[in-house]
Amino acid sequence: MGSRASETPATTGSDDVTSPYHVPAELMPVVTSLTSPERRYVPLWYMYDTRASELCEEVIQTSKSYKLWKHEYSILQTHADDIARKVTPPAVLVDLGSAASSKTRLIIEAMRKRHGNVTFVPVDTAKEFIETCGRQLERDYPGLTVEPFGGLYMDGVRHSAARSGTKLLLFLGSSLGNVSIHEQLKMLQEIRAQLTDQDRFVLGVDMNTDREALSQAYGDQWIPIWRDNLISRLNKDFGGDMNHEMFALNFDFVENPADGDTPSYVQLSLSSSGKQRVHFEKLGIDIDFRDDERIHFNEGPNTSCKWNMKQLHSLAERSGFAVDAQWTNDEDNYCVICLAPAGVSKPTV
């Protein structure tokens, strides 16, 4: 891997990326991370606009090597009613990183049978996408109220916590594994702080640590999303001239001790195919990439964590949760786990 590149001020503007050009405030974290002299990365939320969400749905449902969607769907098909009965009506269903809600439909159907009318709050940064999906859900399920929330995970949690009623909070698709490994504990602790003792938190987590299988699962099928669409968006938002053919998608797998608390994880990045200079007109800067210089897909080292049951239970306990129930697929390499707030004082009889 090459040494870190430096930002070279372009002749058309200053290298102060926060000042001279028309960049919306919400995109400044992308500018800061992409131009970081320490470690270049793009926040994961930025990668999933409407187009990327559409492409992702196609990959996860049709891929022969990426099996997370199929594993989780099979568990939810069998245990959706078990999950729905964990909360009492009237309950609000909240889905963090909902995208098309393709698997969440199973929980919606189970909750409608058990609870009657249901309010569903999908949370995703691709707001237009979930609004479109939400309208379709309301057409498909009369009596369902969909209230899409466009924003980051924790913004959605806090938004939902302010509502009355019991909450069934979903975090499916092993999406927790995409959160920086250094932030996962803090995130779950904050989620715990936002829940009441009647609420439940349902996580889907991948437990596959087979390096060869993971290499195929996170291979070339993701290039249209994690390279082509990402570079297209960077060029559009910042007036860039990045050439997607000059960047390659890289896979690595970091395997941590099974008896420790730190999960193993997939690490993905883009690497520069040779030395090149990229110009961003709206920022007034050039970025010089050295051969093999990386753009990572997360602030932390991980793109997707792979737990074992011991690590998962330890994380839950350290976050202030107790395991209420758990279900695995036939291969025991995917788990859906229901967590209840722990340490809540019970009323005196």
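Residues numbered from 1 in each chain as written. Predicted model: local features only at pLDDT ≥ 70, side-chain atom pairs only at ≥ 80, totals over all residues. Heavy atoms only, no water.

Peer 1: When you look at helix 11 (residues 309–318) in this model, what are you seeing that I'm missing?
Peer 2: Since the α-helix advances by 3.6 residues per turn, residues separated by three or four positions end up pointing in the same direction. All of the buried residues along helix 11 are Gln-311, Leu-312, Ser-314, Leu-315 and Ala-316. In this structure, the buried side of helix 11 is in contact with helix 8 (184–194), strand 7 (200–206), strand 13 (304–306), strand 14 (321–328) and strand 15 (334–341). By the N-cap criterion, in which a side-chain oxygen at the helix start approaches the backbone nitrogen of a residue two or three places on, helix 11 is capped by Asn-308, the distance to Lys-310 being 3.2 Å. Looking one or two residues past helix 11, Gly-320 carries a phi angle of roughly 95°, positive in sign. (Buried < 20%, exposed > 50% of the residue type's maximum accessible area, 1.4 Å probe, protein only. Helix = DSSP H or I, 4+ residues; strand = E, 2+ residues; numbered from the N terminus. Contact = heavy atoms within 4.5 Å. Polar contact = N/O pair within 3.5 Å; in protein donor to acceptor, adjacent residues only side chain to side chain.)

Peer 1: Honestly, the packing of aromatic side chains in this entry has me stumped. Any pointers?
Peer 2: What characterises a pair of aromatic rings is the spacing of the ring centres plus the angle enclosed by the ring planes. Under the defined criterion, the tally for this structure stands at 11 aromatic pairs. An angle of 40° between the planes, with centres 5.6 Å apart, marks the rings of Phe-201 and Phe-321 as tilted. A residue pair is termed long-range when its members are at least 10 positions apart, and Phe-201 in strand 7 and Phe-321 in strand 14 qualify at 120 residues. We classify Phe-321 as buried; its relative accessible area is 4%. The rings of Tyr-66, Tyr-218, Trp-222, Trp-226 and Phe-297 are connected pair by pair, giving a single aromatic cluster. (Phe/Tyr/Trp six-rings, centres within 6.5 Å; stacked < 30°, edge-to-face > 60°.)

Peer 1: Where do I start with the side chain of Ser-33 in this structure?
Peer 2: Along the chain, Ser-33 turns up in helix 1 (residues 28–34). According to the relative accessible area criterion, Ser-33 is buried, its value standing at 2%. Those residues in contact with Ser-33, other than ones at most four positions away along the chain, are Arg-39, Arg-40, Tyr-41, Val-42 and Pro-43.

Peer 1: Honestly, the pattern of salt bridges in this entry has me stumped. Any pointers?
Peer 2: Opposite charge on two side chains permits them to pair, given that their charged atoms come into close proximity. Here the structure, examined in full by the defined rule, presents 19 salt bridges. A salt bridge links Lys-310 to Asp-261; its shortest N-O distance comes to 3.9 Å. Remark: Asp-261 occurs in the loop between strand 8 (247–254) and strand 9 (264–272) and Lys-310 occurs in helix 11; sequence separation between them is 49 residues. Residue classification places Lys-310 among the partly exposed residues on the basis of a relative accessible area of 44%. Accessibility expressed as a relative area gives 35% for Asp-261, which makes it partly exposed. Here Arg-277 and Asp-288 are joined by a salt bridge, their closest N and O atoms 2.6 Å apart. Residue Arg-277 is found in strand 10 (residues 276–280), and its partner Asp-288 is found in strand 11 (residues 285–289); the two are separated by 11 residues along the sequence. It is possible to trace a salt-bridge network through shared partners that takes in Asp-81, Arg-85 and Arg-114. (Salt bridge = Lys/Arg side-chain N within 4 Å of Asp/Glu carboxyl O.)

Peer 1: Please clarify how the environment of Gly-143 should be interpreted in this entry.
Peer 2: Relative to the elements of secondary structure, Gly-143 occurs in the loop between helix 6 (127–140) and strand 4 (145–146). Apart from residues no more than four positions distant in its own chain, Gly-143 is found in contact with Asn-117 and Val-118.

Peer 1: Sorry if this is basic, but what is going on with unusual backbone geometry here?
Peer 2: For the bond from Pro-89 to Pro-90, the omega torsion is -5°, close enough to zero to count as cis. Mapped onto the elements of the fold, Pro-90 is located in the loop between helix 4 (68–84) and strand 2 (91–96). Of note in the backbone geometry, Ala-99 takes a positive phi value of approximately 50° without being a glycine. Note that Ala-99 resides in the loop between strand 2 and helix 5 (104–115).

Peer 1: Would you mind going over the confidence of the model for the protein chain with me for this structure?
Peer 2: Low pLDDT means the predicted coordinates in that region are not meant to be read closely. Scored by pLDDT, the protein chain comes out at a mean of 91, with 92% of its residues at no less than 70. Considering only residues more than four positions removed or in separate chains, one finds that residues 1–19, a stretch of pLDDT under 50, has 55 contacts. Counted against residues more than four places away or in other chains, residues 345–349, with its pLDDT under 50, gives zero contacts. (pLDDT = per-residue confidence, 0-100.)

Peer 1: How should I be thinking about helix 5 in this particular structure?
Peer 2: In this model, helix 5 (12 residues) spans 16 Å end to end at C-alpha, consistent with the 16 Å of a helix rising 1.5 Å per residue. Residues Thr-104, Leu-106, Ile-107, Ile-108, Ala-110, Met-111 and His-115 constitute the buried set of helix 5. Packing partners of the buried residues in helix 5 comprise helix 4, strand 2, strand 3 (119–124), helix 6 and strand 6 (166–171). Backbone geometry just after helix 5 places Gly-116 at a positive phi near 85°. (Expected span 1.5 Å × (residues − 1).)

Peer 1: Would you mind showing me how to read the pairing of strand 9 here?
Peer 2: When a strand is regular, its side chains alternate between the sheet's two faces. Among the nine residues of strand 9, eight are classified as buried, and the element is accordingly described as predominantly covered. Pairing between strand 8 and strand 9: eight bridges, direction antiparallel. Paired with Val-254 across the two strands is Tyr-265, which belongs to strand 9. Sheet analysis places strand 9 next to strand 13, joined by three bridges and oriented antiparallel. (Pairing = 2+ DSSP bridges.)

Peer 1: Help me out: how do you make sense of empty space enclosed by the protein in this one?
Peer 2: Unfilled space is identified by rolling a water-sized probe across the atoms. Considering all chains together, one arrives at one cavity of 30 Å³ or more under this definition. Its volume calculated, the largest cavity comes out at about 40 Å³. The wall of the largest cavity is formed by Val-157, Ser-160, Ala-161, Lys-167, Leu-169, Gln-194 and Leu-195. Listing elements by their share of the lining of the largest cavity, those giving two or more residues are helix 7 (153–161) and strand 6. With three residues, helix 7 is the single largest residue contributor to the lining of the largest cavity. Counted by class, the lining of the largest cavity contains four nonpolar, two polar and one charged residues. (1 Å grid on protein atoms, 1.4 Å probe; cavity = no way out; pocket = protein on both sides within 12 Å on 5 of 7 lines; lining within 4 Å. Points joined across faces, edges and corners; volume = space filled by probe spheres on them. Nonpolar A, V, L, I, M, F, W, Y, C, P; charged D, E, K, R; others polar.)

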